[in-house]
Amino acid sequence: MLSGCDADLIIIGAGPAGLTAAQYGARANLGTLVIERLAPGGQALNIEALENYPGNVGRYDAEGKALAGPRSGYAFAQDLHRQAEAFGARFLTGEAAALDKAGDLFTVTLGTGEAKRAPAVILAAGAIHRTLGAPGEERLRGRGVSYCATCDGPFFRNKKIVVVGGGDAACDEAQYLSRLSDRVVLLHRRDRFRAQKGLVERVRSNPHIEVRLNTIVREIRGEERVDSLLLDRSDNSGRAAGQSWQEAADAVFIFVGTVPQSSLAGAAKDEAGYLITNQRMETSVPGLFAAGDLRASPFRQVVVAAADGAIAAHCAAEYLDGLYA
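Only a predicted model underlies this, so the values are computations on that prediction, with no experimental measurement involved.

This brings us to the sheet that holds strand β6 (residues 115-118). An order of β4-β5-β6 is seen for the 3 strands of this open sheet, with the pairing classed as antiparallel. Bordering the open sheet on either side are β4 (96-102) and β6, each of which pairs with just one other strand. Geometrically, the sheet is characterised by an average inter-axis angle of 20° between neighbouring strands, direction not taken into account. Relative to strand β5 (residues 105-110), β4 runs antiparallel, the two being bridged by 6 bridges. Residue pairing across strands places Ala96 opposite Leu110, the latter belonging to β5.

The subject of this paragraph is the packing of aromatic side chains. Taken as a whole and assessed by the stated rule, the structure comprises 3 aromatic pairs. Between Tyr53 and Phe76 the ring centres are 4.7 Å apart and the planes differ by 55°, which places this aromatic pair in the tilted class. Note that Tyr53 is positioned in the loop between β2 (32-36) and α2 (73-86) and Phe76 in helix α2, a separation of 23 residues in sequence. Judged by its relative accessible area of 6%, Phe76 is buried. Taken together, a centroid distance of 6.3 Å and an interplanar angle of 75° make the contact between Phe289 and Tyr319 edge-to-face. A residue pair is termed long-range when its members are at least 10 positions apart, and Phe289 in strand β18 (residues 288-290) and Tyr319 in helix α6 (residues 302-324) qualify at 30 residues.

Here we come to the sheet that holds strand β11 (residues 184-187). Two strands in a sheet stick together by hydrogen bonds in their backbones, pointing the same way (parallel) or opposite ways (antiparallel). Taken in spatial order, the 5 strands line up as β9-β16-β10-β11-β12 in an open sheet, and their pairing is parallel. Each edge of the open sheet is held by one strand with a lone partner, namely β9 (145-146) and β12 (209-212). The pairing of β11 with β12 spans 4 bridges and is classified as parallel. Counterpart to Val184 in the pairing with β12 is Ile209.

Despite not being glycine, Asn158 shows a phi value in the positive range, around 65°. In this fold, Asn158 is placed in the loop between α3 (149-152) and β10 (161-164). Located in the positive-phi region is Met281, a residue other than glycine, with phi close to 65°. With respect to the helices, strands and loops of the structure, Met281 is situated in the loop between β17 (258-260) and β18.

So, how was this worked out
- Residues numbered from 1 in each chain as written.
- Predicted model: local features only at pLDDT ≥ 70, side-chain atom pairs only at ≥ 80, totals over all residues.
- Heavy atoms only, no water.
- Pairing = 2+ DSSP bridges.
- Helix = DSSP H or I, 4+ residues; strand = E, 2+ residues; numbered from the N terminus.
- Axes fitted to C-alpha atoms, helices over the stretch in contact; angles between N-to-C directions.
- Phe/Tyr/Trp six-rings, centres within 6.5 Å; stacked < 30°, edge-to-face > 60°.
- Buried < 20%, exposed > 50% of the residue type's maximum accessible area, 1.4 Å probe, protein only.

So, in structure tokens, the structure goes:
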């Protein structure tokens, strides 16, 4: 470890990308420090059943038939955390408020003012849920407006639930909510879903989910809690067509994309704010790597984030070898 440093490698964020990077960094004999403002696991903590991660299935019988379904995202994240700690990675609970570089050394300043220094950093802070920006959304957040079905869905058992979105997350969460209520309505502003075909077919065949395309949420209404939505018909490009109506609803779950948590990085980004990297997960700043949902990528899944983290840690180790030589 370089003199004056707290670690060889600092990882900001402990979702699947950060936890995998921590494991690979520690296994490479790097002094590895992970900074996470909440609990390790990131958005994986909200996944009820992580069914599309390779090998993530329970016990099998002698003939190879699965006896149990896939583990939850929470259980998966717990295992990743324990595994990284077992290899020697250290964890610090805190919020990274600033990231600066002087010479070959990065300084991560926490919200408390405490500073941590290392010659290499992996940004793996992920992304947060995008909002609709509709009137009433922020005021009724936590009172019928939610961005996490597994967190809040049980509060609306047997109620009318509206899900908004057209991607994988919206379809997955609508499926989960349909086990709590037989009155789930899935709205999407365009004329077709962008989710994987298999997910869309599963949603369309579910008798407890009503699919409505070309529909926009104009306003979320209610005094103490959500009681209705103002909806509008849209054209095929997703623009409002001017045909509005009010519809009763007990809850609205919003899954319309994510916002990358990339503001710390003074590195190149795309037009949406995602960090641009090469195949080695290197950003435009030497020694600064990016992994997971804040990185410009054509496909954002847990398996991709984990792969990003492994590559980032491996290439960070090579970068440090050059500094230490």
